[in-house]
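Structure assessment
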Amino acid sequence: MRGAGLRRALLRRRCLLAIGCALALGGCGSSRTPTPAATQLEREDFTAVCHAIAGLALPAAKEVVSTRAAWPLIAHGLPRTRGGGAPSAITAAAASAAALRLPALFGEVQATSLTGPASRIAGLIRSYAGLAARSWQMITAAIAQIERGPRVGRRFARANVALYIESVYDAQFTLAQVGKQLVDGYHKLGGPAAFGASLTQAEIEVLAQTYSEANDRLHPHVAVRLGS
């Protein structure tokens, strides 16, 4: 295992060096066919990302269920609370989003080393998680400010909360694009013939359904406007 990891690290270094040399020699406008080694590295990264998001499916599904339950309360603006704090559906959605823990592969440092389609998918996952957690945090803070803050704070919160609501929608929309990127990336890198048992067509189809617009996109579309 240690020898295999070392060989993979050396392969990654050679591929990155080759890509850098190609860019330096050919310029940004040139188009080059990937080397077999570079393609193999992209397949390995893609396989690792697919396995990582398979492990993320359950916590992401819990977050989606909580957000869908709370979404009707905020899609057209904040509910008019009367000192009781955020409705339970909103606090549950905020807690679910805050509880998301991305696999180590999607960490800031690790994600930057991913190549090909895996890099795009990692970017979507990171954007989704960051937007979801931060947006719900800001929504609950806005509700608290509107209920208990000074007049200027209440006005500011009410005027700007649309940004946070729209970001909740954007987070779920981003998550819903992962499935399409999985299917596209799988076939771009050779499909079943190239991946074999390491990543089957059936596995991709399950993941594509899990991370799809049918499963993850919010309805209705966000309708609240900034300043409303």
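Right, let's walk through the structure included here. (Residues numbered from 1 in each chain as written. Predicted model: local features only at pLDDT ≥ 70, side-chain atom pairs only at ≥ 80, totals over all residues. Heavy atoms only, no water.)

1. What to know about the nonpolar core
To be explicit about the condition: We define the nonpolar core as a collection of buried residues of types Ala, Val, Leu, Ile, Met, Phe, Trp, Tyr and Cys that are connected through side-chain atoms lying within 4.5 Å of one another. Burial here depends on accessible area, computed with a 1.4 Å probe over protein chains only, as a share of the maximum for the residue type. Under 20% is buried, over 50% is exposed, and the range in between is partly exposed. Numbering of helices and strands runs from the N terminus, with a helix taken as a DSSP run of H or I at least four residues long and a strand as a DSSP run of E at least two residues long. Any two residues having at least one pair of non-hydrogen atoms within 4.5 Å are treated as being in contact.
Within the largest apolar cluster, 56 residues are counted, with the highest numbers of intra-cluster contacts made by Phe46, Ile53, Trp71, Trp136, Ile139, Ile165 and Tyr211. Looking at this core, the elements with two or more residues in it are helix 2 (36-74), helix 3 (88-98), helix 5 (116-148), helix 6 (151-176), helix 7 (178-188) and helix 9 (201-210). Looking at this core element by element, the count peaks at 13 residues for helix 5. When sequence neighbours within four positions are dropped, the list of residues in contact with Phe46 reads Pro117, Ala118, Ile121, Leu182, Gly185, Tyr186, Leu189, Phe195, Leu199 and Ile204.

2. Brief notes about the pattern of salt bridges
Any two side chains of opposite charge can pair, on the condition that their charged atoms come close. Basically, it comes down to this: Note on definitions: salt bridges are taken to be side-chain nitrogens of Lys or Arg within 4 Å of carboxyl oxygens of Asp or Glu.
Evaluation of the coordinates by the stated rule reveals 3 salt bridges. Close ionic contact of Glu147 with Arg148 constitutes a salt bridge, the shortest N to O distance being 3.7 Å. The salt bridge involving Glu213 is made with Arg217; its shortest N-O contact spans 3.0 Å.

3. Here we look at the packing of aromatic side chains
Rules: Geometry of aromatic contacts follows a simple scheme: Phe, Tyr and Trp rings, the Trp one being its six-membered ring, pair when their centres are within 6.5 Å, and the pair is stacked under 30 degrees between planes, edge-to-face over 60, tilted otherwise.
Applying the stated rule across the entire model yields 3 aromatic pairs. Taken together, a centroid distance of 5.8 Å and an interplanar angle of 50 degrees make the contact between Phe46 and Phe195 tilted. Of this pair, Phe46 sits in helix 2 while Phe195 sits in helix 8 (residues 191-195), placing them 149 residues apart in sequence. In this pair, the class of Phe46 matches that of Phe195, namely buried. On the basis of an interplanar angle of 40 degrees and a centroid distance of 6.0 Å, the ring pair of Trp71 and Tyr169 is categorised as tilted. One end of the pair, Trp71, is in helix 2; the other, Tyr169, is in helix 6, and 98 residues separate them in sequence. Assessed through its relative accessible area of 6%, Tyr169 is described here as buried.

4. Brief notes about unusual backbone geometry
For the peptide bond that leads from His219 to Pro220, omega is 0 degrees, which places it in the cis range. Note on placement: Pro220 falls in the segment after helix 10 (213-216).

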